[in-house]
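# Results of the structural survey
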Amino acid sequence: MSEMQPRYEPQGVEERWQRTWEEEGLYNADPDPSRTPYVDAHPPPNVTGELHTGHALQLAIGDTMIRMKRMQGFNALFQPGYDHAGISTQNAVEKALVAEGTSRQALGREKFEARVWEWLHEYGGKILVQFRRMGASLDYRRTRFTMDDAYIRAVMRFFVHLYRRGWIYRANRIINWCPHHETSLSDLELEHEDVDDTLSTIRYPLADGDGYIPIATVRPATIPADVAVAVHPEDERYKHLIGRDVIVPWTENRVPVIADERVEREFGTGALKITPGHDPTDFAIGREHGLPEPSCIGPDGRVTAAGLEGLTQKEAEGKILAWAKERGLLVHREHYRHSVAFCERCHSRIEPLISMQWWCAMDEIAQKPLEALRSRAVRYHPESQHSFAIDSLENAPDWCISRQIWWGHQIPAWQCPDGHFTVEETAPAACAECGATDLTRETDVLDTWFSSALWPFATLGWPEETDDLAYFYPGDLQTTAREIIRLWENRMIFSGLELLGELPFTDVVIHSTVLATDGRRMSKSLGTGIDPLELIDKYGTDATRYGLMKNSLTQDVRFSYSAIEEGSKLSNKLWNAARLIVGACDGAVAAERPSSLEERWILARLSQAQHAIETYLAQFDFAHAMDELYHVTFDDFCDWYLEAVKARLYDGDADARATATAALERLLKLLHPAMPHVTEEIWSHLPQRGSRLIVAPWPEAGDIAEAGALTRVQEVAQMFRRSGVVPTLAGDEKRIFDAVVKPERAPQKANANPDAERERLRGEIARSEKMLANDRFVANAKPEVVDAEREKLERYRRELDAIAG
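What comes next is a walk through the structure. Just so we're clear, the structure is a prediction, and the values are computed from it rather than from any experiment.

### What about the nonpolar core?
By size, the foremost hydrophobic cluster in this structure holds 120 residues, and its most contacted members are Phe131, Phe637, Trp640, Leu649 and Ile682. Per-element tally for this core: the top contributor is helix 20 (residues 622-650), with 15 residues. Setting aside anything within four residues of it in sequence, one finds Phe637 in contact with Ile581, Ile602, Val632, Leu642, Ala663, Leu664 and Leu667. Membership of the second largest hydrophobic core comes to 63 residues, among which are Ala29, Trp399, Trp455 and Phe457.

Given below as structure tokens:
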């Protein structure tokens with residue numbers, strides 16, 4: 001047992017324990033029939049990504065649960081790994097190639113893929129190093145990558161299975177197209193921002209020369225692909241024009257006026273130009289009315305229409321508007337602010353384009369997960385996110401699963417010269433339909449989220465029937481952000497049910513979205529991002545973990561430096577208290593032998609706190625769990641118990657020393673899941689440790705009957721510090737009060753006025769009674785607010801009784 005340093009220096013301590021735990025195999029989990037498994041298949045981060053504040057909170061939450069379950073005797077598996085991040089990884093490598101004066105097209109697909117692997121070996125995977133700095137006790141031996149050979153086999157099996165079920169198909173539909181990456185994107189890979197645009201009102205002449213219909217549009221460049229004008233069937237302004245034809249400016253094509261209830265009569269002129277090739281609403285209207293679907297924007301975002309070939313949309317817009325103005329068709333232009341979709345990776349403006357893609361039909365595959373969600377067989381926390389998860393499945397559109405890039409899982413479909421597709425896990429010898437042997441593989445790759453949907457079981461060896469899969473599947477917990485519910489969580493649920501017949505987990509914790517201190521979203525480009533590694537460098541990992549969880553009270557929270565600082569102060573307070581006990585107890589072995597009121601009280605209070613912490617964590621209420629840890633440590637253990645008992649420790653009282661060591665041991669176990677490093681370091685200084693704290697058994701909560709034994713003394717202390725009034729105390733209460741409060745050090749309180757304090761308390765009682773007598777307050781206020789008011793009323797009454805007479 002070595003001497004504790006005067007000051008706690010988190011950086012050196014934390015790095016040493018992170019290394020020690022991993023080297024000693026204390027994170028490891030292997031099948032063991034004698035133990036119950038507990039699994040968190042941690043969401044795989046982007047292989048090219050870096051730790052951000054959301055990751056840090058997610059890890060703190062997941063690791064707190066894993067560490068507690070590990071101490072409770074569960075065989076806890078915290079699964080690490082990466083996804084291949086198809087678009088962002090390809091984009092990063094292409095940037096490097098451009099800097100070298102070449103491109104992926106110049107290299108060709110095979111050499112480009114080899115170059116990606118080279119790049120990843122040099123630059124990829126840094127985020128797991130950063131995960132270690134967060135103290136994440138992942139079983140790093142098991143690190144998986146969605147592009148490793150075994151995982152690729154799982155992805156191919158999944159695709160073939162869905163195809164043979166009739167749920168995967170090819171179709172020409174409108175999709176989100178990124179003109180920079182030249183690939184399709186899902187709705188969930190977009191960022192929507194309000195932008196300033198110009199709304200142009202242009203006359204579309206009636207074909208018979210009898211007037212015109214004015215159309216308002218923010219995209220004049222798409223006019224060459226117009227195939228109709230739509231009006232609302234009940235719009236009195238245009239009812240008489242339904243069924244007639246108009247002339248499209250620039251192309252001078254003749255197109256019909258149609259009626260459709262989706263037209264917003266209040267927008268613009270109330271008449272809508274229909275361009276199915278470049279607008280999702282127009283596409284839906286066009287399909288229903290059997291309209292043609294021409295396009296005038298190419299994959300690079302430039303215009304392809306006759307007379308405008310190769311122009312940017314801005315340039316084409318200028319030409320079309322000039323043409324309309326010359327002919328008296330341009331009515332006016334006005335400022336217009338609206339929401340526009342951008343690629344979340346490159347921030348290019350998204351182009352809605354019609355494209356042949358591979359799709360996964362969602363209607364049938366969504367039914368089993370919907371049943372599981374409605375029956376609460378799997379639950380999202382908080383409840384608001386559970387409702388959203390159900391809604392997102394009930395209204396899930398078919399999933400566009402193909403991407404027009406090279407890095408990723410190439411779709412296992414081979415086409416013959418006659419256009420037939422053969423889908424197999426490996427290259428077929430001949431076309432399954434006509435027997436042709438001249439086959440070409442589909443060049444598209446799968447959406448990265450397609451492979452991530454297999455994460456809870458592909459990481460355990462599926463589709464092989466491995467011991468890991470049999471033991472660790474199904475799992476228990478997922479922690480993630482709410483924007484991932486549709487992208488990943490729901491898809492893992494339907495994949496697990498479809499392929500293995502069991503839910504992959506039972507609980508999904510949707511953690512808070514951490515906003516910047518001013519309420520804006522965190523963003524490097526906006527300068528609002530906060531680097532968790534910088535927080536760790538300044539405050540330590542434990543303080544960062546504690547502060548992020550303490551602040552996670554609601555779904556959207558502003559980042560709080562004060563919560564991190566509170567965690568740092570808590571670490572230092574604990575360290576100083578432990579140093580006092582270790583130094584004063586002279587190697588005393590832990591044993592609970594309480595002989596005084598404060599000893600019985602602290603043991604009961606620790607048990608009471610343990611019950612509260614277990615309840616909060618079972619409800620995934622991390623903010624209140626941290627608050628309970630703070631108060632039982634800072635207020636109860638350090639400020640009250642230790643101050644009351646330390647004279648006996650210094651006097652050599654063997655029972656007091658043994659009890660203090662035992663109480664500290666219990667406190668360290670309660671704190672360890674949230675603040676693992678400082679607790680493990682203190683634990684290493686205690687005598688006769690049979691194991692590391694990380695694998696020490698979770699304490700058994702004892703009797704809590706005396707958890708309120710110091711309530712009167714503590715309330716008297718509050719009264720004294722507030723007013724200087726001290727009710728009469730005797731025996732243990734007076735001894736403890738004098739030891740903790742030290743009233744002799746506060747001479748300014750000598751002239752305290754008991755009458756004034758009684759009057760103040762009577763006023764507080766009257767105010768509180770009036771509030772609680774108000775039925776509207778009791779009925780409408782949050783239950784915790786009403787309960788807090790009732791507790792205050794009882795405290796005021798106790799305080800008044802204490803100084804009555």
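### A few points about the sheet that holds strand 11 (residues 254-259)
Picture the strands of a sheet paired through backbone hydrogen bonds; they go either parallel or antiparallel. Strand order in the open sheet made by the four strands is 10-11-9-12, with mixed pairing throughout. Of all the strands in the sheet, just strand 10 (245-247) and strand 12 (271-274) have a single pairing partner and so form its edges. Sheet twist, expressed as the mean angle between neighbouring strand axes with direction ignored, is 35°. Its contacts with the sheet put helix 8 (residues 280-289) on strand 11 and strand 12, and the angle it makes with strand 12 is roughly 80°.

### A few points about the packing of helix 23 (residues 711-723) against helix 27 (residues 783-802)
Between helix 23 and helix 27, the shortest axis-to-axis distance is 10 Å and the interhelical angle comes to 80°. Here helix 23 lies roughly perpendicular to helix 27, going by the angle between them. Between helix 23 and helix 27, the contacting residues are Thr711, Arg712, Glu715, Gln718, Met719 and Arg722 on the first element and Arg795, Arg798, Glu799 and Ala802 on the second. For the contact of helix 23 with helix 27, the residue count by class is two nonpolar, two polar and six charged.

### Quick word on the pairing of strand 2 (residues 75-78)
With burial as the criterion, each face of strand 2 is covered, one bearing Asn75 and Leu77 and the other bearing Ala76 and Phe78. A crossover connection joins strand 1 (residues 37-40) to the parallel strand 2 through helix 2 (residues 53-71); in handedness this β-α-β unit is right-handed.

### Things to note about the environment of Thr48
Position of Thr48 among the secondary structure elements: in the loop between strand 1 and helix 2. Between the C-alpha atoms of Thr48 and Pro687, which are 639 residues apart in sequence, the distance is 45 Å. Excluding its chain neighbours within four sequence positions, the residues that come into contact with Thr48 are Ser88, Thr89, Trp119 and Leu120. Reaching out from Thr48, the side chain makes a polar contact with the side chain of Asn46 at a distance of 2.6 Å.

### What about unusual backbone geometry?
A cis geometry characterises the amide bond from His381 onward to Pro382, with omega recorded as 5°. Relative to the helices and strands, Pro382 is located in the loop between strand 15 (379-381) and helix 11 (383-394). Each neighbour pair has its own omega, and for Trp462 with Pro463 the value is 15°, a cis peptide bond. Here Pro463 shows up in the loop between helix 13 (455-458) and helix 14 (467-472). Phi at Glu182 is positive, roughly 50°, even though this residue is not glycine. Residue class for Glu182 comes out partly exposed when judged on its relative accessible area of 34%. Backbone geometry at Lys742 places phi at a positive 55°, although glycine is not the residue there. Of note, Lys742 is situated in the loop between helix 24 (731-741) and helix 25 (754-773).

Cut-offs applied
- Numbers given to residues run from 1 along each chain, matching the order in which its sequence is written.
- The model is predicted, so local features are restricted to residues of pLDDT at least 70 and side-chain atom pairs to those at 80 or more, both for listing and for counting; the totals for chains, interfaces and linings are taken over all residues.
- Excluded from the side-chain calculations are hydrogens and water; all other atoms, namely the structure's heavy atoms, are used.
- Remark: nonpolar core denotes a set of buried residues (Ala, Val, Leu, Ile, Met, Phe, Trp, Tyr, Cys) joined through side-chain atoms within 4.5 Å.
- When accessible area is computed with a 1.4 Å probe and restricted to protein chains, residues below 20% of their type maximum are described as buried, those above 50% as exposed, and intermediate ones as partly exposed.
- Secondary structure is summarised from DSSP: a helix means a run of H or I of at least four residues, a strand means a run of E of at least two, and numbering begins at the N terminus for each.
- Here a residue-residue contact requires only that any non-hydrogen atoms of the pair lie within 4.5 Å.
- Here the rule is simple: two strands pair whenever DSSP picks up at least two bridges between them.
- Whenever a helix is involved, its axis is fitted only over the stretch in contact; in every case the axis is a line through C-alpha atoms, and angles between N-to-C directions fall within 0 to 180 degrees.
- For classification, angles of less than 35 degrees are called roughly parallel, those exceeding 145 degrees roughly antiparallel, those between 65 and 115 degrees roughly perpendicular, and all remaining angles oblique.
- Each residue is assigned to one class: nonpolar for Ala, Val, Leu, Ile, Met, Phe, Trp, Tyr, Cys and Pro, charged for Asp, Glu, Lys and Arg, and polar for all the others, Gly among them.
- A clockwise path from the first strand over the helix to the second, with the strands pointing away from the viewer, defines a right-handed crossover.
- In protein, a polar contact means a hydrogen-donor-capable atom and an acceptor-capable atom, both N or O and within 3.5 Å, with residues adjacent in sequence counting only if both atoms are side-chain atoms; elsewhere, any N or O pair within 3.5 Å suffices.

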